[in-house]
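Each chain, letter by letter, is given below.
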Amino acid sequence: MKYLLPVLIAFVAGTATANPSDPNVHYLVAGKSIAPWELSLQFGNVVLENQSGQTVRASLVAEPANRNGEYDAIRFTWSPKGVKNEWGTDDTSVQTITLINRMAQVDISPVVDQAALTVDLRVIDAPSRPVTITLEAAWDWQTRSGVPLRSALRNIPRNEWISIPIPLRCFLGDNEAFDFSQLTGIQLQTGGRMELEISDIRLTAYPAERANC
């Protein structure tokens, strides 16, 4: 099953009036995922209940947070504990936030040059190591394409809510291979310490001429 965006979508002209329950455009709203998107940790192994959960040894902890006087955001705290995978290397999955579409592939290819993935967040403790936000197509880990965020997160004011737009074109990388017609996942991962709150993840209009990757 595939969700198709309306032809040249209303949000390209402005997202202020976009339907916040539309899973083509909005993935996380006020700290809650929009069905059929599911917010989890460790690639779906830890599904959040009441906005709460944690991976092994509390390597990554999620808990409810307030943005506007109610539990409308989630605080994520990364605390590396040296967890190893079966090959004896650091298990990065235990420090990964995951949004998975459990039902459909979302086709955002018509707006690659006109939109950004925008994250509303507040940095409490800046990242100590590289941070990557990643898109995945067709539920296939081999399709993932990421954008580094450490510099942006270290340079914005602490304890202030900020909207960070990441132009979709930046996820193409050098080989321009990512398939935006089959979006099924979004991940945020770091191997170091970090603490931030996230309220919303969505598509917003973003002029191609402003995209600087």
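Thresholds applied
Residues numbered from 1 in each chain as written. Predicted model: local features only at pLDDT ≥ 70, side-chain atom pairs only at ≥ 80, totals over all residues. Heavy atoms only, no water. Helix = DSSP H or I, 4+ residues; strand = E, 2+ residues; numbered from the N terminus. Contact = heavy atoms within 4.5 Å. Disulfide = S-S within 2.5 Å. Buried < 20%, exposed > 50% of the residue type's maximum accessible area, 1.4 Å probe, protein only. Core = buried A, V, L, I, M, F, W, Y, C linked by side-chain atoms within 4.5 Å. Salt bridge = Lys/Arg side-chain N within 4 Å of Asp/Glu carboxyl O.

## Side note on the side chain of T118
Along the chain, T118 turns up in strand β11 (residues 115-125). Leave out the neighbours within four places in its chain, and T118 touches S163, I164, P165, D200, I201, R202 and T204.

## Examining the state of the cysteines
What we call a disulfide is simply a covalent bond connecting the sulfur atoms of a pair of cysteines. Tallied over the full model, the rule gives 1 disulfide. One disulfide bridge connects C170 with C213, the sulfur atoms lying 1.9 Å from each other. Residues C170 and C213 are joined through a disulfide that is left-handed, its torsion about the S-S bond being -85°. Taken together, the residues span a long stretch of sequence, with C170 in the loop between β14 (161-167) and β15 (183-190) and C213 in the segment after β16 (194-205) at a distance of 43 residues. Judged by its relative accessible area of 12%, C170 is buried.

## Regarding the nonpolar core
Of all hydrophobic cores here, the largest spans 49 residues; its most connected members are Y27, F76, L117, I133, L153 and I198. Among residues more than four places away in sequence, those in contact with I133 are L117, V119, S145, G146, V147, L149, I166, F171, I186, Q187 and L188.

## Describing the pattern of salt bridges
Inspection of the entire model under this criterion finds 10 salt bridges. For D90, the salt bridge identified is with K84, shortest N-O distance 2.7 Å. Linked through salt bridges whose partners overlap, the residues forming this network are R67, D120, D200 and R202.

These results come straight from atomic positions and should not be treated as a statement about function.
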